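Secondary and tertiary structure notes
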Number of protein chains: 2
Amino acid sequence: MNTVINLPSNNLLKLIKQAHLKSKKHHKQGKFVYPFGNGKADGNAGMRDLLGGKGAGLAEMSAIGLPVPPGFTITTEVCTFFNKNSGQYPSGLDADVAKALSTVEKLTGARFGNARRPLLVSVRSGARASMPGMMDTVLNLGLNDATVGGLATQSGDPRFAYDSYRRFIQMFADVVMGIDHHHFEDILQRHKTVCGLSLDTDLSATDWQDVIMEYKMKIREEAGKDFPQDPHMQLWDAIAAVFRSWSNARAVTYRKLHNISHDWGTAVNVQAMVFGNMGDDSATGVAFSRDPATGENTLYGEYLVNAQGEDVVAGIRTPQQITVAGKISHRSKLPAMEEVMPEVFQELNTVRHTLEKHYGDMQDIEFTVQRGKLYMLQTRVGKRTARAAMKIACDMVDEGVITKDQAVMRVDPKSLNQLLHPMLDPKAERRVIARGLPASPGAASGYIVFSADEAERLAHLGEKVILCRVETSPEDIHGMHAAAGIITTRGGMTSHAAVVARGMGRPCVAGASEISIDYETRKMNVRGVELSEGDTVTLDGGSGELMSGCVPTIEPELPGDFTRLMGWADERRKLGVLANADTPSDCRKALQLGAEGVGLCRTEHMFFDAGRIIAVREMILADTQEGRKKALEKVLPMQREDFAEIFRIMHGRPVTIRLLDPPLHEFLPHGEAEMNEVADAAGVDVEMVRERVIKVREVNPMLGHRGCRLGITFPEIYEMQTRAILEAAAEVGKENSTVVEVEIMIPFVSVEAEIRILKEMVDKMAEEIITEEQKVHYEVGTMIELPRAALNAGKIAHQASFFSFGTNDLTQTTFGLSRDDAGSFLPTYEKRGIIESDPFVHIDTEGVGELVRIAVERGRKSRPDLRLCLCGEHGGDAVSVDFCHEVGLDCVSCSPYRVPIARLAAAQAALNHSN
Amino acid sequence: MNTVINLPSNNLLKLIKQAHLKSKKHHKQGKFVYPFGNGKADGNAGMRDLLGGKGAGLAEMSAIGLPVPPGFTITTEVCTFFNKNSGQYPSGLDADVAKALSTVEKLTGARFGNARRPLLVSVRSGARASMPGMMDTVLNLGLNDATVGGLATQSGDPRFAYDSYRRFIQMFADVVMGIDHHHFEDILQRHKTVCGLSLDTDLSATDWQDVIMEYKMKIREEAGKDFPQDPHMQLWDAIAAVFRSWSNARAVTYRKLHNISHDWGTAVNVQAMVFGNMGDDSATGVAFSRDPATGENTLYGEYLVNAQGEDVVAGIRTPQQITVAGKISHRSKLPAMEEVMPEVFQELNTVRHTLEKHYGDMQDIEFTVQRGKLYMLQTRVGKRTARAAMKIACDMVDEGVITKDQAVMRVDPKSLNQLLHPMLDPKAERRVIARGLPASPGAASGYIVFSADEAERLAHLGEKVILCRVETSPEDIHGMHAAAGIITTRGGMTSHAAVVARGMGRPCVAGASEISIDYETRKMNVRGVELSEGDTVTLDGGSGELMSGCVPTIEPELPGDFTRLMGWADERRKLGVLANADTPSDCRKALQLGAEGVGLCRTEHMFFDAGRIIAVREMILADTQEGRKKALEKVLPMQREDFAEIFRIMHGRPVTIRLLDPPLHEFLPHGEAEMNEVADAAGVDVEMVRERVIKVREVNPMLGHRGCRLGITFPEIYEMQTRAILEAAAEVGKENSTVVEVEIMIPFVSVEAEIRILKEMVDKMAEEIITEEQKVHYEVGTMIELPRAALNAGKIAHQASFFSFGTNDLTQTTFGLSRDDAGSFLPTYEKRGIIESDPFVHIDTEGVGELVRIAVERGRKSRPDLRLCLCGEHGGDAVSVDFCHEVGLDCVSCSPYRVPIARLAAAQAALNHSN
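Residues numbered from 1 in each chain as written. Chains lettered and ligands numbered in written order. Predicted model: local features only at pLDDT ≥ 70, side-chain atom pairs only at ≥ 80, totals over all residues. Heavy atoms only, no water.

1. Digging into the interface of chain A and chain B
Taken together, the 47 residues of chain A in the interface contact 47 residues of chain B. Of the roughly 4000 Å² buried between chain A and chain B on both sides combined, carbon and sulfur atoms contribute 56%. Three residues, Asn700(A), Leu703(A) and Arg788(A), lead the burial of chain A against chain B; their summed loss comes to 15% of the area buried on that side. Our count for the chain A to chain B interface comes out at 8 salt bridges. A salt bridge links Arg858(A) to Glu850(B), with the nearest nitrogen and oxygen atoms 2.7 Å apart. Taken together, the connections running from chain A to chain B amount to 28 residue pairs in polar contact (both at pLDDT 80 or more). For the side of chain A that touches chain B, the per-class residue count stands at 21 nonpolar, 14 polar and 12 charged. (Contact = heavy atoms within 4.5 Å. Buried area = accessible area lost by both parts, 1.4 Å probe. Salt bridge = Lys/Arg side-chain N within 4 Å of Asp/Glu carboxyl O. Polar contact = N/O pair within 3.5 Å; in protein donor to acceptor, adjacent residues only side chain to side chain. Nonpolar A, V, L, I, M, F, W, Y, C, P; charged D, E, K, R; others polar.)

Below you can see the structure in the form of C-alpha cells.
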C-alpha cells in the first residue's frame, strides 16, 4: 500500500503545478523556514519535497482557511546540510527561526519563555513520505520551572500544567538526552505504589511536582547534567534531535522496506501547542475521510477524550469511535464523538469534505479539540486496503471528482495481492478462540511467536508465523515484515500495529483484549485456553477473528470495482500481459485473471511429474545417444498430451514454450532407492548409474551444461520436445476453429550459431509434421538471459522472431550473483544501502536494465518486427513493469496471480510516461 | 609457429601494395582463371586471398623470370561459389579454363589428349594459408590408354610412362572416385609376389601394363563405372574433387587448430607436369632458403633422385641432403645434390637468393629437376622454430634486408614458449636408446602411446604422452596436437611428422630407423630393448635423441638474438607488461623475463600454505567475528612477511595485490582428519566444524560469497590483509632507497558502494600506519570482472585509481559459462564452429571485449587518468594482447613465462595498428 502515498493524486498534481511558480518565487536560495497560520502560509501542498508531507499539509490547510495552530517548518534541506556537516546548521537559520517564532508569538499572544503567558510548541518530524512512528517528536516544549506556573494559571488547572511539564521532561529526556523512558516509568510507578494510587489520573498537582523533582534528579544522574530550563536551548536541542532521528536504525530499516531514499531528509515542524488533555471538553483523534478498509464514503476514525495526540497512535488506551455508525459496527461500548461533541463533529465533517474536494483524494487527518475548539494538525493522503482503494477510485470517478486516468493511478498494483490470494473458506469450520478489531484484511495461518526476532528467525527458515504482541512498536517492524499475520491485544484501528500492517499488506487483528500474553513463558491464554509458541492459529483480518488450527482457504471473489478498474487499466496500457504457466490449471487461472496468452511454459516442470521422472533420469544417465532416445520415447507421448491440453485451453492465444533449460543434474536421482529405480528402468547396473551421477554433477550448475547447450550436444532431447509440441499443435489445430499459435523458445543462447542450428532443427521438423490444413502457426525465438546474448542481440535477432528477457538469469550473470547463495550477503547489502533493493525483486536498471536496453535497440535494428517480452519474476513487479514499458517492450509475462498486478502497473506506466 | 605465415613479411606488404592497382585492374568481376608461365603472369604475390598461397607464388615466380612450368589458377571465389551452390560453377568458367589450357598447350608445344605429344597436368589445391597434406592433389592428369603411348615415345622410357599412368589412375581413383588406395596397393603387392619381385623399380613396362589392367577392373568393380579416358572429364572431375576436399574432416580440423576461417576456400592450380622421375638425371625436392631449425643462412633441404614430388613429403623414402654440409651434420650416407648435380645446385642457390631478396623473408620452396633442368613448383614463407625466427630476423636486419619493425613482426609471440620453457639438463644422465633426425626442437617426457586416439584420450586425462608412429599422416593430427612429443621411425626433416610438429611447436624426432614398432602388441623394440605402451621416455628434438625414463630439466639460456629482438619490441610497444606473481620466486622469474611490475598478486595463494591453512580454516569456520579475528591474528604476521619480501624483490616497481577473492569453501577442510585439526586449533567441537562446512558450501560458488562480498560482510578479513600489506610496505619503505608502490585491488565489485566502503577502510588504515618518511605510495583500484561492473565503470571509476580486467571471470559471467564445467560441451562447440575459439584462450571480442570497451570508455570519461590493465590469462595470449592495445589499455599482466610473449605481442600490436 505504501507506494500510494508516493503517487500524488492528480488534483494534487494540479495544485503542485499551480504552486510551482509561487514556490519558485518563495523558495529562494537560503530560505530555510516556512511560516504558516492565520489563513496564510509561505509554503503549499506542492512543496512536499522541501517541507515534508506534514509541513506541506499544514501550510496548505492554513492557506485554505482551516483551523491550524500557527507555526513554521524548517526545510528538509537543512536536515541534509545538518547531516552532511556533522550537526552544523546553515548560516542565517537562527535568525529565520527567531523571526518565525516571533510571528507565532504575535498570532498566539503568548511569548516563548514568558512566565505569565508562555508559548508552548510541539517539535515534530515530517519527511516527504510518511514514516509513522519512525522519527522523534517533542511536545509541550517551552515549559520550565517558571512557565509551568503560567500554564497552570492560564488553564486554571495546575494538575494539568504539572502533568504536561512532566510529560515534556520525560519526552525530552528520552528523545533529546537519550535517557531510556523506563527510568521515568519506574519513578512514576514507585510514586503511585507509595501513595497507593493506581491510575495516572489519580495523581494531583503536588504528586506531579514530586515526580518532576525525581525526574530531574534522574536526568542529572543519567546524563551528568541538568534538564535545560532555557526554552531556546530546549528548542534547538529538540530540532537537532529530530534531524538526527532521520538516521536512527528504525528509520533506516523502514526506508529500506519502503524504498524511500536515504537522501531525502526530514523537515521539522515547530507549531504552537494545542491541548486535547485540558479536560472533558478536550480531545484528540485521527480520522479518514472515507473508510480505509472498505472504501465507504463516510467519516471514519477514533478519538480519545482528555488525551494528548500521541496517546491515540500509541494504542495505550482503546479509543472511541467518531461516528455512531462506527461505534455500532465496532461493537464499541464507549460513546461516539457524534454523540458527545456534535458541533465539533459537524465541523470535522465539513473539514473532511473541504479537504477531499481540495485534494481530490481520501485524506488521513489528525486533529485536537481544545476546550471545544477544533484544530487541524495534519492531513495527508490516507493509506487504504486494496479493496478500499478500488472502491474509492471507482466512486470518485462516479462522483466526478477524478478522471478514469486518475482512478487507474490510485491503486497500488502490489496491493492487489490482497484481493487475489486465497481467502478463508466460509464453509470451513472455524474454531474462533478470540475476537479483536479487523485492523488489516486478509487471512493467514501459521505458528504463534511472541517476539519480532523469533518471527524473523523462523520466517528465514521458510516457516509461516503469526506474531502475537500486547502492542507493537517501531522496534518490531522487522518481525511484522517477516510474519504472515499480526495479532495485538491492545490498541485500535489506528494503533501502530494496524497502520503498519495495512501498509505492509499483512493481515492484522488488533486489540484482541480477551487474550493475555505472557512473554516469559511464551504462552497466551484466551478464555482459559492456553496456546504456546509453535501452536498453529489462523487469523482473519477482515472479520477480526482468531481461530485455532489451520482453516482451509478458497479462491476469493473479485469485487465489481476490480473488474471496472482493470477494464480502465486495459484500455490504457501498451504492454501485453501474458502468464508464466506450466500446467493446464495454471493456464485456466491465467485466463481468468486476464492473461492474453502464455509467455513462458517451462517444459522441465513437466519432467518432475512422478510418472515421468524415472524415464527422464534414465535419459540423463544414458551414456549413449541410443540410450537417451529409448528413454525419450517414453516421455514423448506424455509431453505431447500436456501440450495438447494447454493448446486447447488457450484456444488460439499465443503459447510460448521453452525447451528444456535447467542443468540435467537437477533431475538426478538422490538416494540409493532412486538409483536402483533408474538402473532397473534402463536395464543397467546400479554402479553405472552411480558413476554417471558423479560425472554429470557440476561445480557451478547455473553456468553449466544447460539450456540450448543440451539441445546442441544431445539433439535428441530438443527433437523429442519439438516433436511433442508440433504434433500436439497439429492435433489441436485439426480440432480447433482458431489457429494454434506456438512460440518455441530456445533458452540460454549466447552465440548466434546456437539459435541458428536449433531453429533449423525446428523448421525441418515442422516441415515434416505440420500441414496447411492443421491451422498451426509457429515461430522460433530465444531467451535473452546472458550478457553476451544481450550484447549480440543484433546478430541473434537474425535467427529469432522474438526475444524473451529472462531477467532472473540475466541478474545472476550480470551481477555474478547466485540466487541460491546470495542469502549470505545480500541482506547485509540491503541493510547497509549498498544496493537500493534486491535486484531479484526490482529489476536493476543500471546493470541488467542497461543490457535489456542494449538488446532492445540492437535487436529491433536488425529485425524491426522483433517481438520483445520479459518473462522473469520481474514481470509481476510494478517497478519493473514500468521499466519494461519505458524501454519499449511489447509484453511481460508473470505468474497467473500477478497478472492483474502487471496489467495495472502497465497502465500506470503508460500514464506516467505519457507526459 | 603457424601464424608466421599469416603475417606477411613487410617486403611482401610492399609487393602487395605495388600489386594492388595491377590486381584491381586484373581482378575484374567474373575473372576466375589466372594464367602464368613464360616469364609472365596475370596474378601476383599480392593476390594470396584470391589465388591461394601456391597460386600467388607461382604467378610471382613466373613474373620475375624463374623457371616455372606454365599453368593457371582457378580462384578461391570459384571454390566458395562451388560449395555454396552444391557443386555448380559460375558461368563462363569453362570458357576461361579452355582458353588458359590452350595457352599452356602453346607454351609447352603439347596438346591435351593428343596421343603423340600429350599435355599432362597436375591439379593441386592451394589455400590462402598453407594446410600441408590436408587437401587433395592429382598428378599426371591427361594420361589415358592413348596418350600413355605418346609419353612413352617422348620420354623414350615406356616403363616410366606406364608407371606414371598407373600412379595417375591410383591417385585419381582415390581422390576423385573415392576408392580406397589399399585396393591398389594390394594389387601391386600381389603382382610383385606372383612375379617374385620386391621393389617397385623392379617392375617392367609390361608389368605395369598388367597392373593398370587390374587397376581399371578394380575401379569398375568398386565404382560401378569405368576410369574416364577423356582428359577433359578427368580435369573437371579433379577440379571438383579439390574444391570438395576443402570441406573434408581433416581440413576442417586443421583449420580449427590453426584459426583458419572456413570461409576462405581453396584455389586450384592446374600446371603442366614436369617429372622428377625420368631417370637419375631427374629429381624432386624441397628446400628452405635458411635452416628452419637454427636460422643459419644456408640453403637447407632434401631431395630424392628419380622421384615424384609427393614422395619427399610422404616420407616413404629417406631423402638425401642438398648440401654437403647438411649431409655431414645429418650423418647421411647418401650423396648430396651439391655433389651429384652441381650445376642444378648452383642454379637452385641462385634462385634462393633471388627469392629471399624479392620476398625479403626466408622461403620454403619445392622444385623438380627433369632431365637436368630445374623447375620451381612452389615458394612460400618458410615455417621455422622460434630460435630460427629470432636469428633470421636479427640477421636480416644486419644484412639490411628488413627493418627492425619488420624483424619484430617476424616472430610469432606464441612460439617463444619453445625458448622459455625448461630444457633437458645437459648435466643429467641420458640413457640414449635411439637416435633419429632432430626434426622439431624442444624436449619432452611422457608415456609412450602408439595411436593418435590413445594420445588424445590420455592427454584429456591430463597425462603427458609421446606419440610413436612409423610415419604420421593427416589422420594423426589430433594425436600430434595432444602429444607432448612425437617420434617416427621413417621420414626426413620435411616429412609430414616433421613439418606438422614444427608448426605446432611440438618436439619431434623423425626417422629413428633403429626402432621397430608393433602396433598390434603395442610395443616397440630398439636394439633388443623392448618398450611397451605406458613406459616413460624422453625425447630431445634438438639433438634427435630418444632416452628411456624421465630426464630432468633446467631453465634454458636465452640466445643473444632474443635479447636484441625483445629490446626492439620494448621500444615499439605501447602496452606495459606486468606479471601475475604470487610468490617471491614468481617475482624473480618475472623480473628476469622483463616484467615491469606485479599486475596481480593473489593473496589467497598464500593461504594454501601448509603452515597457514589450519588458521585460515579456523577463520572461515568461526561463527563469530571474535573467532575470525583470533584466527586472522595468526595469519597476519605471515602475510606481512610475504608482502615485505615481494616489495624488496620488486624494489620500487608497482605491486598490485588483490585482496581475498575465491569463495571461502575453497579453503574448507575435506576429510575427518582435517576437520579435527581445525576443531583443535579453534578449540571447538568437531561437530560444529562439520555443521559450518555444510553451511558455507554453495550451489554456484563462482557466483557466491566471494571477493569484496567477503570484505564487506567479514570486514576483519580485508582489514587483516590491508594491515599486512601496509605494514610490510612501511617496513620496506624504511629500508628502501626507492618508494614502495602498492596497488591494493578489490575483487568482484559490482556496485560502486562496495569499492567506496572498502577504499575508506584502506584509507583509514593507511592514515594510521603510513608516515611520510616511509616512502610508500599506495592506491586503491578494482577488478572489473562482472558485466555490471563494466557497465557501471563510470561510477566505479569515481572510487578507483585503476581498473584491472579479470577476463577469466568476465568470460564466465558474460557467457554464463563455468570454466570448470564447460568441458562437457565446449569441445563440441569448437568442433562444430559454433564458437570461433575457446573464449578462455582468445578473448571473445564480441561479448567480453565489448564490455571491456564500454568500461574503458566510461571509466576514462569520469576519471581521465584512470589506469587500465588486464590480468586474466588472456594477458599472455597474443591475439588478446592485440585487442588490449586496440582498445587502449595501459598494460597487461600475465604469468612470468608469458611475459616475453606479451612484450612481443604488444610490439606487434603497436606496429599493426600504427598504419
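2. Considering the environment of Ile769(B)
Residues and elements named next belong to chain B. For Ile 769, the position within the fold is in helix H30 (residues 752-769). Along the primary structure Ile 769 and Ala 730 are separated by 39 residues, whereas in three dimensions their C-alpha atoms are 7.4 Å apart. Discounting chain neighbours no more than four positions away, the residues touching Ile 769 are Arg 723, Leu 726, Glu 727, Ala 730 and Gln 774. (Helix = DSSP H or I, 4+ residues; strand = E, 2+ residues; numbered from the N terminus.)

3. A word on the relation of the copies chain A and chain B
Superposing chain A onto chain B takes a rotation of 179 degrees combined with a translation of 0.0 Å along the rotation axis, leaving an RMSD of 0.3 Å. Both chain copies can therefore be described as sitting about a two-fold axis. Minimal C-alpha distance to the rotation axis in chain A is attained by Asn700(A), lying at 2.0 Å. By residue overlap, the copies meet face to face through one surface: 100% of the interface positions of chain A are interface positions in chain B. (Least-squares fit on C-alpha atoms with pLDDT ≥ 70 in both.)

4. Here's the deal with the sheet that holds strand E1 (residues 33-37) of chain A
Think of a sheet as strands paired side by side through backbone hydrogen bonds, with each pair either parallel or antiparallel. Residues and elements named next belong to chain A. Ordered in space as E2-E1-E3-E6-E4-E5, the 6 strands form an open sheet in which the pairing is antiparallel. This sheet does not close on itself; its edge strands, each paired only once, are strand E2 (40-41) and strand E5 (137-141). Where strand E4 (residues 121-127) meets E5, 3 bridges bridge the pair, whose relative direction is antiparallel. In the sheet register, Val 121 faces E5, and the bridge partner there is Leu 141. With respect to the sheet, helix H4 (residues 93-108) is in contact with E1, strand E3 (71-74) and strand E6 (266-272), its orientation differing from that of E3 by roughly 160 degrees. (Pairing = 2+ DSSP bridges. Axes fitted to C-alpha atoms, helices over the stretch in contact; angles between N-to-C directions.)

5. Looking at the packing of helix H22 (residues 584-592) of chain A against helix H25 (residues 625-650) of chain A
All names here are of chain A. Axis separation between H22 and H25 bottoms out at 9 Å; the angle between their running directions is 15 degrees. By the criterion of interaxial angle, the relationship of H22 to H25 is roughly parallel. When the axes of H22 and H25 are compared, the crossing they make is right-handed. Residues Pro 584, Cys 587, Arg 588 and Leu 591 of H22 form the contact with H25, whose participating residues are Glu 645, Ile 646, Ile 649 and Met 650. Considering only residue class, the contact of H22 with H25 consists of 6 nonpolar, no polar and 2 charged. (Parallel < 35°, antiparallel > 145°, perpendicular 65-115°, else oblique. Left-handed = near helix turned anticlockwise from the far one by under 90°.)

6. Brief notes about the environment of Ala393(A)
Residue and element names in this part refer to chain A. Along the chain, Ala 393 falls in helix H15 (residues 386-398). Among the residues examined, Ala 393 registers a relative accessible area of 1% and is labelled buried. Considering only alpha carbons, one finds Ala 393 and Val 381, 12 residues apart in sequence, at a separation of 13 Å. Those residues in contact with Ala 393 that sit more than four places away from it in its chain are Ile 402, Ala 407, Arg 410 and Leu 565. (Buried < 20%, exposed > 50% of the residue type's maximum accessible area, 1.4 Å probe, protein only.)

7. Focus on the pattern of salt bridges
On inspection of all chains with the given rule, the structure shows 110 salt bridges over all chains. Among the ionic pairs, Arg166(A) bridges to Asp163(A), the shortest N-O distance being 2.9 Å. Taken as a pair, Arg166(A) and Asp163(A) lie in helix H6 (residues 158-175) at a separation of 3 residues, close to a single helical turn. Accessibility assignment for this pair places Arg166(A) and Asp163(A) in one class, buried. Where Lys634(B) meets Glu618(B), a salt bridge forms, and the shortest distance between an N and an O atom there is 2.8 Å. Here the residue Lys634(B) occupies a position in helix H25 (residues 625-650), and Glu618(B) occupies one in helix H24 (residues 613-621), the gap between them amounting to 16 residues. Lys634(B) sits in the partly exposed class, given a relative accessible area of 34%. Overlapping salt bridges, with partners in common, bring together Arg430(A), Arg435(A), Asp540(A) and Glu545(A) in one network.

8. Quick word on the pairing of E1(A)
Residues and elements named next belong to chain A. Of all 5 residues in E1, 4 are buried; the element is thus mostly enclosed. Alignment of E1 against E3, held across 4 bridges, turns out to be antiparallel. The residue of E3 that forms the bridge with Val 33 is Ile 74. The pairing of E1 with E2 spans 2 bridges and is classified as antiparallel. Note on E2: the bridge partner recorded for Gly 37 is Lys 40. Linking two consecutive strands that pair antiparallel, namely E1 and E2, is a turn of 2 residues; a positive phi of about 60 degrees is found at Asn 38 within it.

9. Details of the packing of aromatic side chains
Remark: the centre distance and the inter-plane angle together describe each pair of aromatic rings, the angle taken between the planes. Inspection of the entire model under this criterion finds 24 aromatic pairs over all chains. Centre to centre, the rings of Phe184(A) and Tyr215(A) are 4.8 Å apart; their planes meet at 70 degrees, and the pair counts as edge-to-face. Linking Phe184(A) in helix H7 (residues 182-195) with Tyr215(A) in helix H8 (residues 205-223), this pair joins segments that are 31 residues apart in sequence. An identical accessibility class is assigned to Phe184(A) and Tyr215(A); each is buried. Seen from their ring centres, Phe803(B) and Phe805(B) are 6.4 Å apart, and the 85 degrees between their planes marks the pair as edge-to-face. Relative accessible area serves as the criterion here: at 1%, Phe803(B) is assigned to the buried category. Here the aromatic residues Phe82(A), Tyr89(A), Trp236(A) and Phe243(A) are joined through ring pairs into a cluster of three or more. Its end group placed over the ring of Tyr34(A), Lys31(A) keeps NZ or CZ at 4.6 Å from the ring centre. We note Arg706(A) situated over the ring of Phe748(A); from NZ or CZ to the ring centre the distance is 3.9 Å. (Phe/Tyr/Trp six-rings, centres within 6.5 Å; stacked < 30°, edge-to-face > 60°. Lys NZ or Arg CZ within 6 Å of the ring centre and 35° of its normal.)

10. Here's the deal with the sheet that holds strand E9 (residues 320-321) of chain B
All names here are of chain B. Overall, antiparallel pairing links the 5 strands, which are arranged E9-E8-E7-E10-E11 in an open sheet. The open sheet has two free edges, formed respectively by E9 and strand E11 (373-381), since each of these has just one partner strand. The pairing of strand E7 (residues 283-288) with strand E8 (residues 300-305) spans 6 bridges and is antiparallel. Across the sheet, residue Ala 283 finds its bridge partner in E8, namely Val 305. Each of strand E10 (363-370) and E11 touches helix H2 (residues 48-63); the most contacted strand, E11, lies at about 130 degrees to it. Strand contacts of helix H14 (residues 342-359): E10 and E11, with the helix running at about 30 degrees to E11, the strand carrying the most contacts.

11. Quick word on the domain arrangement of chain A
All names here are of chain A. Segmentation of chain A into domains returns domain 1 (41-272), domain 2 (283-402), domain 3 (421-554) and domain 4 (564-663 + 698-913). Taken together, the contacts link 22 residues of domain 1 with 20 residues of domain 2. In total, domain 1 and domain 2 occlude about 1800 Å² of area from one another, counting both sides; carbon and sulfur atoms represent 54% of this. Linking domain 1 with domain 2 are 0 salt bridges, by the criterion used here. (Domains from an automatic or database assignment.)

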